[in-house]
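Spelled out from the first residue to the last, the chains are:
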Amino acid sequence: MNHTLSALNPNPTDSCPLYLNHAAVASLPSRVSRHNSPSSAHFVSRLVRSCLPGGNNRCIVMVCERSDVFPSSCAIARAFPIFSRRSTSSRRAEKKHVTVEFVIVGQDNNPLDAAELECLSNAADGVRLAARIVDTPCNEMNTDHFLDVSETMSMNEHISTTEFSTLWCIYGVGKAAEHPPALAVLSHTPDGATQTIAWVGKGIVYDTGGLSIKGKTTMPGMKRDCGGAAAILGAFKATVKQGFKDNLHAVFCLAENAVGPIATRPDDIHTLYSGKTVEINNTDAEGRLVLADGVVYASKDLSADIVLDMATLTGAQGISTGKYHAAVMTNSEQWESACVRAGRSSGDLAHPLVYCPELHFSEFTSAMADMKNSVADRENAQSSCAGLFIGSHLGFDWPGVWVHVDIASPVHAGERATGFGVALLMALFGQASDDSMLNQVSPLVASTNMCEDQMERDCKRRRLV
């Protein structure tokens, strides 16, 4: 073993099989760039998938510092997806067991306690739940099925559920589908809460593009268009179990963007919940429509101080920030920085988009309505403009904190979902949890340079959970 370890030469990783392939040892990069996670979470997932020996009882030993335990645990969970419809032999396959052990090195090398292990287990379950929803095709994971999953969790967690079968532009997007569109809300309202947070998820269970239909090569994989809602459901379930101290609402904007006799047409004009009118010039730009209704509902009906929307919104996101980094846009520079730091500490990497409505929002100019739903110039910051469309319905002068997270590319790796977004949300809002591990990975700590009077005056907009 010592000889093997000394022979490993990570560039960026390296591995070696042992004992006739009954075991393997692998090493991670000794250094990473400032835009990567120190945990090398993406490499952890890749190594586990490629190096783990076969068998029904397998063991993973992870040697890392304490700060890397949370992102490494979530990374390992990504390597074991749940959904499968492969046929098997008539004899029921034996259930497989994977044991994960952490050996903590460095200054703080005390063993993990029971509460920390429970946090890791809940986070892993949340990641795998989100990935299962995204992997499941629309003939099984339609809007009704998504509601069934959320309602089952509601009964288990004693959380209220609100549904609307027809709602503003959510209805306009999904009205042509067999299964009706809906807006569902899971609410966690503990005693002593001091602020209200809303997570709004794009839940397009399948996106044909509508009448602006996608081509035969771009439509496969559009079952993943519910990735934002799936991540929020997985994160909500895990976060509430870890003792979230503030009001937390998970808002799911559910629809299937289908083709049919009553489908929305280009040139149609819809009035959204904000009261603003939108001329449809591209029915394939539907995610921003449902999210615009969702964030306004979070503000008007739930009185949220902080609204975060998460979505597989634009194919251009992969061009803007790549396959591994979510694209973040927010009206708060402080929260922009917090999202980047949460990405590094959780392994769900994030990077900012340009936030400049005075230069970019003119892309939506309409002669007939308040705005169009797709840009005039597709070469002018597409992902930023899509985010601005959502924010415009809250209003660019809205006093609360608004964060938009586009996860179109990192939601999957090849043909498998990654459960991306769960770890990011748990870390970003970890300071509002009683859990010590989430506190450790959360970047949201009130600035020590801000005087108490200023913090009191600005608590609704800037106070960090």
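Before reading further, recall that the structure is shown in the block above.
Thresholds, definitions, all that
- Residues numbered from 1 in each chain as written.
- Predicted model: local features only at pLDDT ≥ 70, side-chain atom pairs only at ≥ 80, totals over all residues.
- Heavy atoms only, no water.
- Core = buried A, V, L, I, M, F, W, Y, C linked by side-chain atoms within 4.5 Å.
- Buried < 20%, exposed > 50% of the residue type's maximum accessible area, 1.4 Å probe, protein only.
- Helix = DSSP H or I, 4+ residues; strand = E, 2+ residues; numbered from the N terminus.
- Pairing = 2+ DSSP bridges.
- Contact = heavy atoms within 4.5 Å.
- Salt bridge = Lys/Arg side-chain N within 4 Å of Asp/Glu carboxyl O.
- Phe/Tyr/Trp six-rings, centres within 6.5 Å; stacked < 30°, edge-to-face > 60°.
- Lys NZ or Arg CZ within 6 Å of the ring centre and 35° of its normal.

**Comments concerning the nonpolar core**
F70, W199, F252 and F429 are the most contacted members of the largest nonpolar core, which has 83 residues in total. Per-element accounting of this core gives the leading share, ten residues, to helix α4 (residues 114–135). Among the nonpolar cores identified, the runner-up in size contains 43 residues, and L183, I280, L289 and F361 belong to it.

**Regarding the pairing of strand β15 (residues 401–406)**
In terms of burial, β15 is largely enclosed, as six of its six residues are buried. Of the two faces of β15, the one carrying V401, V403 and V405 and the one carrying W402, H404 and D406 are both buried. Pairing analysis gives six bridges linking strand β11 (residues 306–311) to β15, with the strands arranged parallel. Following the sheet pairing, A311 is matched in β15 by D406. Looking at chain direction, strand β12 (residues 326–330) and β15 are connected through four bridges and run antiparallel.

**Here we look at the environment of F102**
Secondary-structure assignment places F102 in strand β4 (residues 97–105). Setting aside anything within four residues of it in sequence, one finds F102 in contact with M62, C64, V69, S72, S73, L112 and L120.

**Structural notes on the side chain of N36**
Turning to its location among the elements, N36 is positioned in the loop between β2 (23–27) and α2 (41–51). Overall, N36 belongs to the buried group, its relative accessible area being 17%. Those residues in contact with N36 that lie beyond four places of it in its chain are F43, R344 and L349.

**Topic: helix α3 (residues 69–78)**
For α3, the tally of buried residues reaches ten of ten residues, placing the bulk of the element in the interior. Every buried residue belonging to α3 is among V69, F70, P71, S72, S73, C74, A75, I76, A77 and R78, and all of these are buried.

**Section: the pattern of salt bridges**
In this structure the tally under the stated criterion is ten salt bridges. Here the salt bridges do not stand alone but share partners, grouping R66, D108 and E116 into one network.

**Let's talk about the packing of aromatic side chains**
Scanning the model with the defined rule gives eight aromatic pairs in all. With centroids separated by 6.4 Å and ring planes inclined at 45°, the aromatic side chains of W168 and Y297 adopt a geometry described as tilted. Here Y297 lies in helix α8 (residues 287–300) and W168 lies in helix α6 (residues 168–174), a separation of 129 residues in the sequence. With a relative accessible area of 7%, Y297 lands in the buried category. Between F361 and F396, the ring centres sit 5.5 Å apart and the planes meet at 80°, which makes this aromatic pair edge-to-face. Here the residue F361 occupies a position in the loop between α11 (357–360) and β14 (371–372), and F396 occupies one in the loop between α12 (382–394) and β15, the gap between them amounting to 35 residues. One Lys or Arg, K300, reaches over the ring of Y273 and ends 4.2 Å from the middle of that ring.

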